[in-house]
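Topology and contacts: notes
Residues per chain, in single letters:
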Amino acid sequence: MSESIDRVSAAVTGSVRRSRDVPMLVDRARAGDHRAVARLITLVESGDETLPAVAAALAPYGGQAQVVGLTGSPGVGKSTTTNELVRALRARGHRVGVLAIDPSSPFTGGAILGDRVRMQDHATDPGVYIRSMSSRGHLGGLSAATPQAVRVLEGAGCDVVLVETVGVGQAEVDVASLADTTLVLLAPGMGDAIQAVKAGILEIADVFVVNKADRDGADATVRDIQGMIALGERGPGGWRPQVVRAVAARGEGIDDIAAAIDKHRGWLVEHDELRRRREARAAAEIEAIALGTLRARIGSLRDGTQLPALAADVAAGTTDPYAAADILLTQLAR
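Residues numbered from 1 in each chain as written. Predicted model: local features only at pLDDT ≥ 70, side-chain atom pairs only at ≥ 80, totals over all residues. Heavy atoms only, no water.

A few points about the overall build of the protein
For the protein, the helix and strand inventory stands at twelve helices and seven strands. Here the protein holds 334 residues, and the buried ones make up 43% of them. Looking at the protein alone, contacts between residues at least 24 apart form 71% of all its contacts between residues at least 6 apart. (Helix = DSSP H or I, 4+ residues; strand = E, 2+ residues; numbered from the N terminus. Buried < 20%, exposed > 50% of the residue type's maximum accessible area, 1.4 Å probe, protein only. Contact = heavy atoms within 4.5 Å.)

Considering the nonpolar core
With 40 residues, the main nonpolar core has Val37, Ile41, Leu153 and Phe208 as its most contacted residues. Setting aside residues up to four positions removed in sequence, Ile41 forms contacts with Leu99, Tyr129, Arg131, Ala149, Val152 and Leu153. Membership of the second largest hydrophobic core comes to 25 residues, among which are Ile130, Leu183, Ala187 and Ala260. (Core = buried A, V, L, I, M, F, W, Y, C linked by side-chain atoms within 4.5 Å.)

Description of the pattern of salt bridges
Inspection of the entire model under this criterion finds 16 salt bridges. For the salt bridge of Arg250 with Glu252, the shortest nitrogen-to-oxygen distance reads 2.9 Å. The residue Asp272 makes a salt bridge to Arg275 at a minimum N-O spacing of 2.9 Å. Classification of Asp272 by relative accessible area gives partly exposed; the value is 38%. Each of Asp180, Arg265, Arg278 and Arg281 takes part in salt bridges that share partners, so that together they form one network. (Salt bridge = Lys/Arg side-chain N within 4 Å of Asp/Glu carboxyl O.)

Points about the sheet that holds strand β1 (residues 66-72)
Ordered by their spatial adjacency, seven strands build an open sheet running β3-β2-β4-β1-β5-β6-β7, and the pairing between neighbours is parallel. Sheet topology places β3 (128-134) and β7 (242-245) at the edges, where each strand pairs with a single neighbour. Sheet twist, expressed as the mean angle between neighbouring strand axes with direction ignored, is 20°. Pairing analysis gives five bridges linking β1 to strand β5 (residues 181-186), with the strands arranged parallel. Bridging across to β5, Thr71 finds its partner in Val184. Strands in contact with helix α3 (residues 34-45) are β2 (96-102) and β3; relative to β3, the strand with the most contacts, it is inclined by about 25°. Each of β1, β2, β3, β4 (160-164) and β5 is contacted by helix α5 (residues 78-91), which is oriented at about 175° to β4, the strand it contacts most. (Pairing = 2+ DSSP bridges. Axes fitted to C-alpha atoms, helices over the stretch in contact; angles between N-to-C directions.)

As for the pairing of β4
Burial analysis of β4 places five of its five residues in the buried class, the great majority of the element. Where burial is concerned, the two faces of β4 agree: the one with Val160, Leu162 and Glu164 and the one with Val161 and Val163 are both buried.

Topic: the confidence of the model for the protein
Here the protein averages 82 in pLDDT, and 79% of its residues register 70 or above. Per-residue pLDDT, averaged within each element of the protein, yields its smallest value for helix α1 (residues 2-18) (46) and its largest for helix α9 (residues 254-270) (97). Contacts of residues 1-13 to residues separated by more than four positions or lying in other chains number two contacts, the stretch itself having pLDDT below 50. (pLDDT = per-residue confidence, 0-100.)

What about the environment of Gln120?
Mapped onto the elements of the fold, Gln120 is located in the loop between β2 and β3. In this structure the C-alpha to C-alpha distance between Gln120 and Asn83, which are 37 residues apart in sequence, comes to 8.7 Å.

Remarks on the pairing of β1
With seven of seven residues buried, β1 is to be regarded as a mostly interior element. With burial as the criterion, each face of β1 is covered, one bearing Gln66, Val68, Leu70 and Gly72 and the other bearing Val67, Gly69 and Thr71.

Concerning the environment of Pro241
Inspection of the secondary structure puts Pro241 in the loop between α8 (218-231) and β7. Distance from Pro241 to Phe208, taken between C-alpha atoms, is 6.9 Å for residues 33 residues apart in sequence.

Overview of the packing of helix α2 (residues 22-30) against α3
Angle between the axes and distance between the axes: these two values describe a pair of packed helices. Contact pair α2 / α3: the axes reach a minimum separation of 8 Å and the direction vectors enclose 130°. In terms of their interaxial angle, α2 and α3 are classed as oblique. The chirality of how α2 crosses α3 is left-handed. Seen from α2, the contacting residues are Leu25, Val26, Arg28 and Ala29; seen from α3, they are Ala36, Val37, Arg39, Leu40 and Leu43. Tallied by class, residues from the contact of α2 with α3 come to seven nonpolar, no polar and two charged. (Parallel < 35°, antiparallel > 145°, perpendicular 65-115°, else oblique. Left-handed = near helix turned anticlockwise from the far one by under 90°. Nonpolar A, V, L, I, M, F, W, Y, C, P; charged D, E, K, R; others polar.)

Here we look at the packing of aromatic side chains
In total, this model carries one aromatic pair according to the counting rule given. Lying over the aromatic face of Tyr61, Arg30 brings its terminal NZ or CZ to 3.9 Å of the ring centre. (Phe/Tyr/Trp six-rings, centres within 6.5 Å; stacked < 30°, edge-to-face > 60°. Lys NZ or Arg CZ within 6 Å of the ring centre and 35° of its normal.)

Here's the deal with α3
Residues separated by three or four positions in an α-helix point in the same direction, a consequence of the helix having 3.6 residues per turn. Here α3 is twelve residues long and its end C-alpha atoms lie 16 Å apart, about the 16 Å a rise of 1.5 Å per residue gives. Of all the positions in α3, only Ala36, Val37, Arg39, Leu40, Ile41, Leu43, Val44 and Glu45 are classed as buried. Two or three places before Arg35, at the opening of α3, Asp33 has a side-chain oxygen 2.9 Å from that residue's backbone nitrogen. Positioned one or two residues after α3, Gly47 has a phi angle of 65°, which is positive. (Expected span 1.5 Å × (residues − 1). Polar contact = N/O pair within 3.5 Å; in protein donor to acceptor, adjacent residues only side chain to side chain.)

Focus on the side chain of His264
Assignment of secondary structure puts His264 in helix α9. A residue is classified by how much of its surface remains accessible, and His264, at 0% relative accessible area, is buried. Every residue in contact with His264, bar those within four places of it in the chain, is listed here: Asp180, Thr181, Asp206, Trp239 and Arg277.

Structure below.
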């Protein structure tokens, strides 16, 4: 009898893994089936032909989750902080989704996907879904599939989605266009006061987290960040970024981080900024999809004669690249 049940279970599991029945997958994901969630994200990551159907099925559930981005340089404790935030959010009764973006090799294209290894505390919790994603060469700290993966987790009923970026440096700012609230993690000893006023990642923070605050130099780091905030320009009623100390490895300061996120959420709603940010996020998604379609069409032109002929004319100096691009765009429009 048990062997029969095992065979049925294995068959169901296999059908979920292989299935491209989008309504069935969405229904199972809504019911809390992690395998269905995994399958949907795999379809998103692979650019499967069912992707428009997946997006259409998930559309009614969009905008229901709070999206929190975590970014910062490697070694500041992003994964540890994420792990502890999950614990705090679960204590509140929230269903939590985590997307941990790992860098991919520029040589092999592979990725270790090791961030989820640091979050094994929640591996058996049915109210937590953790997915590691390779950046696949996408710049800005995220994967190109991250926005749609967020939609999958929203559709799966997650109340909060945490997006942990690659951790590459000062230009890792894409997360700000995806998240409702962006946390920038810093640690003592990562640089002097000049680092605090450089353009880039520090300008996107809604909340600064000075992690490893038990180390020497934490007070100086906090002062530098507060000084940078004081120099920033804000209109009447504008949000003043919070600065929170934490020692995530010991679970210290996590409640303060959660409180800062809540405070920012309240400000977003009060000033109608949440709607504006989400509309901007949707516009960026639409633009990315449209540009992806155009790139695919341009790629198909490479197999014909139009693009090679234009390239030959530009190389020979008989035309210029702008005129050639106009001709190409006219061809695409047709």
